[in-house]
Amino acid sequence: MIETTDVVIVGAGVAGLSALASLAEVAPTARIHIIDNHDQPGGQYYLQPNPAFSVDGRLTHRAEAETLFQRAQAASAQWLLNTEVWAAAPTGQAGDSGWALELSAPDGLRRLRARAVILAVGACERALPFPGWTLPGVLTAGAAQNLIKSQRVLPGRRVVVSGSGPLTWAVAANLAEAGAQVVAVLEAAPRLVWRGARHLPALWGQWHRLREGFAYWRVLRRAGAPIYLGWAAVAARGETDVRQVEIARLRPDWRPMAGPTNRRMLDADTLVVGYGFTPATQLSRLMECRHVFDRSAGVWAPVRSSDMAASQPGVWIAGDGAGIGGADLARVEGQIAGLAVARHLGWLRPDLARSRLAQLQPALRRQRRFAALLADVFTPGPGLCMLAQADTILCRCEDVTLGEVAAAIDAGAGTVNEVKGLTRAGMGFCQGRMCGDLVARAILTARGLCEANDLSQAGAATPRLPVWPVSLAHLAAAGRAAPGRAAPGRSDTNERDPARR
Amino acid sequence: MRIESSAPMSPLTPHHRGRPITIWIDGEPVTAFEGETLAGVLLAEGRRALQRHGSSRARGLYCGIGVCFECLVMVESDAEEEAVSVRACVTLAREGMRIHTRAMQENRS
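This is a predicted model, so every value here is computed, not measured.

Draft legend 1. Examining the overall build of chain B more closely. The number of helices and strands found in chain B is two helices and eight strands. Counting helices and strands in the order they occur from the N terminus, chain B gives β-β-β-α-β-β-β-β-β-α. When burial is assessed residue by residue, chain B has 39% of its 109 residues classed as buried.

Draft legend 2. Layout of the interface of chain A and chain B. Listed per partner, the contact involves 40 residues of chain A and 40 residues of chain B. Elements that contribute at least two residues to the side of chain A that touches chain B include exactly strand S3 (54-55), strand S8 (123-125), strand S9 (138-140) and helix H3 (141-151) of chain A. Per-element accounting of the side of chain A that touches chain B gives the leading share, five residues, to H3(A). Tallied by class, residues from the side of chain A that touches chain B come to 19 nonpolar, 13 polar and eight charged. Pairing of S3(A) with strand S1 (residues 15-16) of chain B involves two bridges; the strand directions are antiparallel. Following the sheet pairing, A:Val55 is matched in S1(B) by B:His15.

Draft legend 3. Main features of the domain arrangement of chain A. Here chain A is described as being made up of domain 1 (2-124 + 278-348), domain 2 (127-275) and domain 3 (388-467). Between the C-alpha centres of domain 1 of chain A and domain 2 of chain A there is a distance of 31 Å.

Draft legend 4. Geometry of the sheet that holds strand S8 (residues 98-100) of chain B. All names here are of chain B. Read from one edge of the open sheet, five strands run S3-S2-S8-S6-S7, paired in mixed fashion. The outermost strands of the open sheet, each flanked by one partner alone, are strand S3 (28-33) and strand S7 (84-87). Here the strands of the sheet are splayed against their neighbours by 40° on average, with no regard to which way each runs. For strand S6 (residues 72-75) and S8, the ladder comprises two bridges, and the chain directions are antiparallel.

Draft legend 5. Fine view of helix H11 (residues 402-410) of chain A. What H11(A) keeps buried is the set A:Leu402, A:Glu404, A:Val405, A:Ala406, A:Ala408 and A:Ile409. Where H11(A) is buried, its residues touch strand S21 (393-395), strand S22 (400-401), helix H12 (416-423) and helix H13 (436-446) of chain A.

Draft legend 6. Geometry of the sheet that holds strand S16 (residues 270-274) of chain A. All names here are of chain A. Spatially, the five strands line up as an open sheet ordered S9-S16-S10-S11-S12, and their pairing is parallel. Each edge of the open sheet is held by one strand with a lone partner, namely S9 and strand S12 (227-229). For this sheet the average axis-to-axis angle between neighbouring strands, irrespective of direction, equals 20°. Sheet analysis places S9 next to S16, joined by three bridges and oriented parallel. Directly across from Leu139, in S16, lies its bridge partner Val272. Helix-sheet contacts for helix H4 (residues 166-177) involve strand S10 (158-163), strand S11 (181-187) and S16, and the interaxial angle to S10 is about 170°.

Draft legend 7. Representation of the nonpolar core. Grouped together as the largest cluster of nonpolar side chains are 198 residues, with contacts concentrated most on A:Leu20, A:Ile118 and A:Leu394. The contact partners of A:Ile118, leaving out residues within four places of it in the chain, are A:Val7, A:Ile9, A:Ala19, A:Trp316, A:Ala318, A:Ala337 and A:Val341.

Draft legend 8. Structural context of the packing of H11(A) against H12(A). Residues and elements named next belong to chain A. The interhelical angle for the contact between H11 and H12, taken along N-to-C directions, is 115°, at an axis separation of 9 Å. By the angle class used here, H11 and H12 are roughly perpendicular. Relative to H12, H11 is oriented so that their crossing is right-handed. Contacts between H11 and H12 involve Glu404, Val405, Ala408 and Ile409 from the former and Val419, Leu422 and Thr423 from the latter. For the contact of H11 with H12, the per-class residue count stands at five nonpolar, one polar and one charged.

Draft legend 9. Just the confidence of the model for chain A, in detail. Put simply, chain A has an average pLDDT of 91, and 94% of its residues get 70 or more. Confidence over residues 485-501 of chain A falls short of pLDDT 50; this stretch has 27 contacts with residues more than four positions distant or in other chains.

The rules behind these values
- Residues take numbers from 1 onward in each chain, read along the sequence in its written order.
- Chain letters start at A and ligand numbers start at 1, both assigned in the order the entries are written.
- Totals for whole chains, interfaces and linings use all residues, but because this is a predicted model, local features are given only for residues with pLDDT of at least 70 and pairs of side-chain atoms are given and counted only at 80 or more.
- We count a stretch as a helix when DSSP gives it H or I for four or more residues in a row; a strand needs E for two or more, and each element gets its number in order from the N terminus.
- Exposure in this text rests on C-beta crowding, where 20 or more other C-beta atoms within 10 Å of a residue's own make it buried, 12 or fewer make it exposed, and counts in between make it partly exposed. The C-beta atoms are placed from the backbone.
- Here, residue contact means that the backbone-derived C-beta atoms of the two residues sit within 7 Å.
- Put simply, Ala, Val, Leu, Ile, Met, Phe, Trp, Tyr, Cys and Pro go in the nonpolar bin, Asp, Glu, Lys and Arg in the charged bin, and everything else, Gly too, in the polar bin.
- Here, any two strands with at least 2 DSSP bridges between them count as paired.
- Residue ranges for the domains trace back to a domain assignment, done automatically or taken from a database.
- Angular values range over 0 to 180 degrees, each being the angle between N-to-C directions of two axes fitted as lines to C-alpha atoms, with helices fitted over their stretch in contact.
- Structurally, a nonpolar core is described as a collection of buried Ala, Val, Leu, Ile, Met, Phe, Trp, Tyr and Cys residues joined by way of C-beta atoms within 7 Å.
- By definition in this entry, angles of less than 35 degrees are roughly parallel, angles greater than 145 are roughly antiparallel, angles of 65 to 115 are roughly perpendicular, and the rest are oblique.
- Crossing handedness is read from the near helix: turned anticlockwise from the far helix by less than a right angle, it gives a left-handed crossing, and turned clockwise, a right-handed one.
- By definition, pLDDT measures how confident the predictor is in each residue, and it falls between 0 and 100.

See below:
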């Protein structure tokens, strides 16, 4: 089944909903499809419990979420929920910058052609390997928060929270409020106050964030949770699941210090880790948008113009999927992308577009300044990214250890792709989302380039379709429905290696 | 474990779980509530080891947002002949669902 639309928005989180609202408000006749892989819009930030599960009163951020939901619902868009985009290719007609997206939903596959694509796919948590990080009981800050917020389930009883950045505090406070014993809260960023002080101007105007942070701190103080600044969890121990967590004080370069005064072993059944986020670039890379490695934030991010246009015609990218900036920045970027697409497709006069876009620039600059602060203060330094030992698993999907990756590097593999070919690291279900950067870091370490922190020196894994697993039964059914097109997607002649561009 | 809505002094806003349902985990009946994910039910039951890869030990919920695939479990399906693997963190529990947390290893060995 092939459908056509004017604009497809991939992701119904803050950026996607904001793009939808701003686009639909200036282009009420536009045909818009919005896709999300969850059963409800909102993304992770405005995560909504399932309707069968009700919560009295307001959830955090509920009021601002309602406003955005109302604006998005007012748009006459087609909502495709529980749907993943597993491939995308240019439609390839002359003078046309359109795209064909391959969608996978529980009831089967479908194809959607669009004149413009707005990617608002968000981010996932930065993986940071350490001995024991694959034990049951080690989970990310986002996972812990989702369990509490949308399931009202505790991940454990005695919990250590280790991370860097605001989410660490939020999750620790959520856990304490929900009745877990917070054994320790570790904010890894070394010399936090000193480093933060350099960014005081960027904090101006961010009062709601400061208020929120203070509230979390108060909850933790009241719960009696020990707070360690400049410490991090360096190992989780236990036979079948977490029983103990080893913590260490960090040097200014984030390297754990040795010696008994700088190390402690805590009894805990759960370790929550959150060291920031990584943009989900699988789809934008598959679409051959140009990406660069942002050393300050430690992430790969697509290159964009000031109106969120990617390097590929017909593609705009907004929100955390283009660089980590959080909900407030995502909202502004979504607005800009929506207006830019409206202008591109002729629904908004260029002069009006120019003035509307100019109005958004101060907010954009303010939120980017704040994002730069967070990146500068909280991005883990190389010292904390090399805790893995030879038997520590880097690629969770394919069970590939650091030792196996190191052996491949010794055998001559110099890029992420070469290590992938020799070890299968990055070939599993998650398609390298977790381990891609870890393999790159192992390569840099072996070459003595670790301190430069520039993962692009190891290349990036070439994205392969499907970027999400697709059911073979669904593929077969799609093939029967459209003979000769059993494996839809890009044509081979179109394939290039984005890492080489 | 599940957080009780009625817990005294809890600053969390009260919540109401959905209708009770029964699902089967590794052959054992378990009471769950509509609207809960499989990961939520499994953790509420204290079952943290969700998946066993061929060579290594158990894994558990890790990313919680459907990205890492560490929480894959097998679900028996009426419609299809074989069980399908799903991500426990993004799959809702449904009445009568039969899930297996160790099927991956058995299938491979």
